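Fold and contact review
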Amino acid sequence: MYKNILILGGNGLVGSCLVKSLSELNYQITATYNNNDNRLFESKKVTYKKCNIEKKQMINNLFLNKKFDVVINTISDFENNIPKKNSIEKFIKVNIVGHQNLIENSINNKVSLFIYFSSISVYEESIFSKSGFSEESSCYPKSLYGASKIYAEKLLKINCLNSKLKGITLRISGVHGPERNSGVINKMFNDAIEFNRIFVAEPKSKFKLTFTEDLTLAVGKILEAKPKETYEVYNLAGDDTFT
């Protein structure tokens, strides 16, 4: 049975929700944060460590004197606009190099399961049917962000195939929930409350939203099931389809 879990990005939207939900399921959580500590959750079952994933030694230190059963990487560097040289370097350091260092430490310290949070941005330029895309759909990202996510997925898969580490990649869309004060859902609700016109960018599209409770429920079920496959990929969203 899994007991000790390391969550990278414990102060982010996804990571903070996982810290809270998994600690309430009686897992012992070690969670990292970098600069902001506004989402840190107080609990006897949670220990926080400051860590910059760009710093290899800081990642190494996380594994000193601590045995983790599961590692969950929610950290990602994201750039909305055309990346500049310094942001490209940060993409590589955070989304690829830092991720690989984390995987290597997980293998060397006999972690059982590695869960990686990827993105549906890997499908940006993909061609798919009216029913949408599936895990078997070809991945053709348009952005550097999407490309870095695919590369990170492949790093996890290759490492799992060459070790005893088991890996799961969860491809998610933009996450919504009461913990987020931005995004399309938040804007729609605020416009409705203020009696403003609600703008829908793609009125003919059908889409599924991802809420924080979808993520915590999915991860909880994964941990309970104890995956047997070496590596798996899942697209993750809520049950309901919206138009």
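Conventions used here
- Residues numbered from 1 in each chain as written.
- Predicted model: local features only at pLDDT ≥ 70, side-chain atom pairs only at ≥ 80, totals over all residues.
- Heavy atoms only, no water.
- Core = buried A, V, L, I, M, F, W, Y, C linked by side-chain atoms within 4.5 Å.
- Buried < 20%, exposed > 50% of the residue type's maximum accessible area, 1.4 Å probe, protein only.
- Helix = DSSP H or I, 4+ residues; strand = E, 2+ residues; numbered from the N terminus.
- Contact = heavy atoms within 4.5 Å.
- Pairing = 2+ DSSP bridges.
- Salt bridge = Lys/Arg side-chain N within 4 Å of Asp/Glu carboxyl O.
- Axes fitted to C-alpha atoms, helices over the stretch in contact; angles between N-to-C directions.

1. What about the nonpolar core?
Formed by 27 residues in total, the largest nonpolar core has its most connected members in Leu22, Ile72, Ile115, Phe117 and Leu223. Breaking this core down by element, the ones donating at least two residues are β1 (4–8), α1 (13–24), β2 (28–33), β4 (70–73), β5 (113–119), β6 (166–172) and α6 (212–225). Excluding anything up to four places from it in sequence, leucine 223 contacts Tyr2, Ile5, Leu22, Tyr27, Val70, Leu113 and Ile115. Counting 23 residues, the second largest nonpolar core, distinct from the first, contains Cys51, Leu62, Phe63 and Leu165.

2. Quick notes on the pairing of β5
Within β5, 7 of the 7 residues are buried, which leaves the element mostly enclosed by the surrounding structure. Where burial is concerned, the two faces of β5 agree: the one with Leu113, Ile115, Phe117 and Ser119 and the one with Phe114, Tyr116 and Ser118 are both buried. Bridging between β4 and β5 involves 4 bridges; their strand directions are parallel. Pairing of valine 71 across the sheet is with phenylalanine 114, part of β5.

3. Observations regarding the pattern of salt bridges
For the structure on display, the rule yields 2 salt bridges. Across the pair glutamate 153 and arginine 171 runs a salt bridge whose closest N-O atoms are separated by 2.6 Å. You can see glutamate 153 sitting in helix α4 (residues 144–161) and its partner arginine 171 sitting in strand β6, a full 18 residues away along the chain. You can call glutamate 153 buried: its relative accessible area is 4%. Using a relative accessible area of 6% as the deciding quantity, one classes arginine 171 as buried.

4. A closer look at the sheet that holds β1
Here 7 strands make up an open sheet; going across it, the order is β3-β2-β1-β4-β5-β6-β10 and the pairing parallel. Each edge of the sheet is formed by a strand with only one pairing partner; in this case those strands are β3 (46–50) and β10 (231–236). Direction aside, the axes of adjacent strands within the sheet are offset by 20° on average. Bridge analysis of β1 against β4 gives 4 bridges, and the strand direction is parallel.

5. Regarding the pairing of β2
Consecutive side chains of a regular strand alternate in pointing toward one face of the sheet and then the other. The element β2 is largely enclosed, with a buried count of 5 among its 6 residues. Note that β2 and β3 share 5 bridges and pair parallel. Among the inter-strand pairings, isoleucine 29 is bridged to a residue of β3, identified as valine 46.

No statement about biological role is implied by the geometric values presented.
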